[in-house]
Amino acid sequence: MTAKPSFLEKNAMRTPTLEEILPLAAPLGLCIEPTNRCNMSCSFCPVHLEEFPGIVGGQRFMEFSLYEKVIQDIKATGRKLVNLNLYGDGEPFLNKRLPDMIRLAAQMEIAQNIIVTSNGSAITEKNAIALLDSGLTHLRVSIYGMDEDFHRKITGSTITPTQIHTNIARFRALRDARGSQTPHIYAKMIGTSETHSQLERFREIYTGVADEVNVENPINWNGFNDNDLVGALDPQHECDLSLVQGWHKQKGQPNRHKQICTTPFLSLNVKSDGIVTICIVDWNKGTAVGDITQESLTDIWHGERLRAFRRMHIEGRRAENPSCRNCQVLYNSPDNIDALAAADAERLLHYPPHGQPGQKA
């Protein structure tokens, strides 16, 4: 029997290939940030930076009326997203209306997958039940440490690894009691010099609690302002982020040679205040291409700001943008459009007319 693909592998598969479906009339994926507030202050996350509130324009919860507008905009594109990701810089479960957000997206049938990424600390029995009734398809849980002293140091909180494990185990039990296999529970931990001694324990206690357990590589967000966020987890910088391969490695196409970030051609990110940026790791909003409180998703996707941003990447000028200059997240993508851009750059900058989606189902 052929093994089922993992969560990461499924998200790396494109049938047809990206080269065949570009340009897209609407994004394949969208991240919506329920809040940029967090109950932890992780030293590897920009939220802990003293300048974070000032740079992002304040910390807030997305107003539900704004969220409704975004969902209606997605529906108006006439295309179903592959992934709707409900997370951003903060902890999604701090937004009390998160289950309502998920439920609305599920009822509107605007995405194949509805995904929440959480630190697991705020998944109480009450909101676990609400979550199970919401239509969520995937719950991703980020585990930051198994040792209590290390966890306290790295997260800046008194929340313990035991509390988080208890929350996830209870959620799994409630789900299984219903005879359901969704939401799919994916538990991940970052593998670095600081966490290697804890990974075996992580795999041991989360196997059977999560449906899938995985160790991921660190990222340095976008490297904005030379903040060495990854250094908190990997102080010796043993992980060369430009050489990160793993599940997304393309045969004969080492990602270290990739020149063009594919994210601007695939997806968008809606911050809790409605500012639309290119990428989930662009916490400082340096890649802003619109404001969904003032514009439609379709107008932003077809707009001149996004077109100019794509051209900048195609022409090898990404260093002009402070959020892209030091970013290495492009190496993580399973896609590579360098050859396509070299052969037919203008194709990537023109889109099917509004209401006439070009991508295949």
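Could you give me a rundown of the overall build of the protein chain, with the residues and numbers involved?
Summing up its helical and strand segments, the protein chain has 12 helices and nine strands in all. For the protein chain, buried positions account for 56% of its 361 residues. Within the protein chain, residue pairs in contact and separated by at least 24 positions form 74% of the contacts whose partners lie at least 6 positions apart. For the protein chain, the accessible surface area stands at approximately 15,900 Å², while carbon and sulfur atoms represent 49% of it.

Quick one: what's the story with the pattern of salt bridges, residue by residue and with numbers?
Tallied over the entire structure, the rule returns 20 salt bridges. Two residues, D100 and R97, come together in a salt bridge whose shortest N-O distance is 3.1 Å. A salt bridge links R140 to E216; the nearest nitrogen and oxygen atoms lie 4.0 Å apart. Of the two residues, R140 sits in strand β4 (residues 138-143) while E216 sits in strand β6 (residues 212-216), which places them 76 residues apart along the sequence. For R140, a relative accessible area of 12% translates into the label buried. Three or more residues are tied together by salt bridges with common partners; here these are R311, E315, R317, E320 and E346.

Can you tell me about the nonpolar core, naming the residues and giving the values?
Grouped together as the largest cluster of nonpolar side chains are 94 residues, with contacts concentrated most on Y67 and L84. Those residues within four positions of Y67 in sequence are excluded, and the remaining contacts are I32, M62, L84, L86, M101, I102, L104 and A105.

If you had to explain the packing of aromatic side chains to someone new, which residues and values would you point to?
Counted according to the given criterion, the structure contains four aromatic pairs. With centroids separated by 5.5 Å and ring planes inclined at 45°, the aromatic side chains of F202 and Y206 adopt a geometry described as tilted. With a gap of four residues between them, F202 and Y206 both fall in helix α9 (residues 196-206), about one helical turn apart. Residue placement shows R97 over the ring face of F64; its charged tip is 3.8 Å from the ring centre.

An account of the side chain of D89 is requested, with residue identities and associated values reported.
With respect to the helices, strands and loops of the structure, D89 is situated in the loop between β2 (81-86) and α5 (98-108). Judged by relative accessible area, D89 falls into the buried class, the value being 5%. In this structure the side chain of D89 is engaged in a polar contact, spanning 3.0 Å, whose partner is the side chain of K271. When near neighbours in sequence (up to four residues on either side) are disregarded, D89 contacts E33, T35, N36, C45, V47, F52, W221, K271, I280 and W283.

Let's hear about the pairing of β6: which residues, and what values?
The sheet contact formed by strand β5 (residues 184-190) and β6 spans five bridges and is parallel. Across the sheet, the residue bridging to K188 is N214, located in β6. For the segment spanning β5, α9 and β6, crossover handedness is right-handed.

Lay out empty space enclosed by the protein in plain terms, naming residues and giving numbers.
Summed over the entire model, instances satisfying the criterion amount to five cavities of 30 Å³ or more. Empty space within the largest cavity amounts to approximately 130 Å³. If you trace the largest cavity, you find 16 residues lining it, with C261, C279, H313, C324 and C327 closest to the centre. Here the residues of the lining of the largest cavity sort into 10 nonpolar, four polar and two charged.

So what's going on with the state of the cysteines? Which residues, and what values?
With the rule as written, the count across this model stands at zero disulfides. Cysteine C261 is unpaired, with the sulfur of C279 as its nearest cysteine sulfur at 6.2 Å. Its sulfur unpaired, C279 is 5.7 Å from the next cysteine sulfur, which belongs to C327.

If you had to explain the side chain of D234 to someone new, which residues and values would you point to?
One can find D234 in the loop between β6 and β7 (267-270). Comment: no salt bridge for buried D234; closest opposite-charge side chain is K153, at 13 Å. Residue contacts for D234: discarding those within four places in its chain leaves T192, S193, E194 and C239.

Hey, could you go over α9 for me, with residue numbers and the actual values?
Where α9 is concerned, the buried positions are Q198, L199, F202, I205 and Y206. The arc enclosing the buried residues of α9, seen along the axis, measures out at 145°, which places them on a common side. Turned more than 90 degrees away from the buried face of α9, the exposed residues are S197, E200 and E204. Positive phi shows up at G208, right after α9, with a value of about 95°.

Explain helix α4 (residues 64-76) to me, and be specific about the residues and the numbers.
Its 13 residues place the ends of α4 18 Å apart at the C-alpha level, agreeing with the 18 Å of an ideal helix rising 1.5 Å per residue. All of the buried residues along α4 are F64, L66, Y67, V70, I71, D73 and I74. For α4, the secondary structure elements touched by its buried residues are β1 (29-32), β2, α5, β7 and α10 (297-301).

Which residues make up the sheet that holds β6, and what values do they have?
What the nine strands build is an open sheet, ordered β6-β5-β4-β3-β2-β1-β7-β8-β9; its pairing is mixed. A single partner strand is all that each edge strand has here, and the edge strands are β6 and β9 (290-291). As paired strands, β7 and strand β8 (residues 275-277) are joined by two bridges and run antiparallel to one another. What sits directly across from V270, in β8, is V276. Packed on one face of the sheet, α5 meets β2 and β3 (111-118) and runs near 165° to β3. Across the sheet, helix α8 (residues 161-177) touches β4 and β5, and the angle it forms with β5 is around 160°.

Procedures and definitions
Residues numbered from 1 in each chain as written. Predicted model: local features only at pLDDT ≥ 70, side-chain atom pairs only at ≥ 80, totals over all residues. Heavy atoms only, no water. Helix = DSSP H or I, 4+ residues; strand = E, 2+ residues; numbered from the N terminus. Buried < 20%, exposed > 50% of the residue type's maximum accessible area, 1.4 Å probe, protein only. Contact = heavy atoms within 4.5 Å. Areas by Shrake-Rupley, 256 points an atom, 1.4 Å probe, with all protein chains shown as cover. Salt bridge = Lys/Arg side-chain N within 4 Å of Asp/Glu carboxyl O. Core = buried A, V, L, I, M, F, W, Y, C linked by side-chain atoms within 4.5 Å. Phe/Tyr/Trp six-rings, centres within 6.5 Å; stacked < 30°, edge-to-face > 60°. Lys NZ or Arg CZ within 6 Å of the ring centre and 35° of its normal. Polar contact = N/O pair within 3.5 Å; in protein donor to acceptor, adjacent residues only side chain to side chain. Pairing = 2+ DSSP bridges. Right-handed = clockwise from strand over helix to strand, strands pointing away. 1 Å grid on protein atoms, 1.4 Å probe; cavity = no way out; pocket = protein on both sides within 12 Å on 5 of 7 lines; lining within 4 Å. Points joined across faces, edges and corners; volume = space filled by probe spheres on them. Nonpolar A, V, L, I, M, F, W, Y, C, P; charged D, E, K, R; others polar. Disulfide = S-S within 2.5 Å. Lys, Arg positive; Asp, Glu negative; His and termini not counted. Arc of directions from axis to C-beta. Expected span 1.5 Å × (residues − 1). Axes fitted to C-alpha atoms, helices over the stretch in contact; angles between N-to-C directions.

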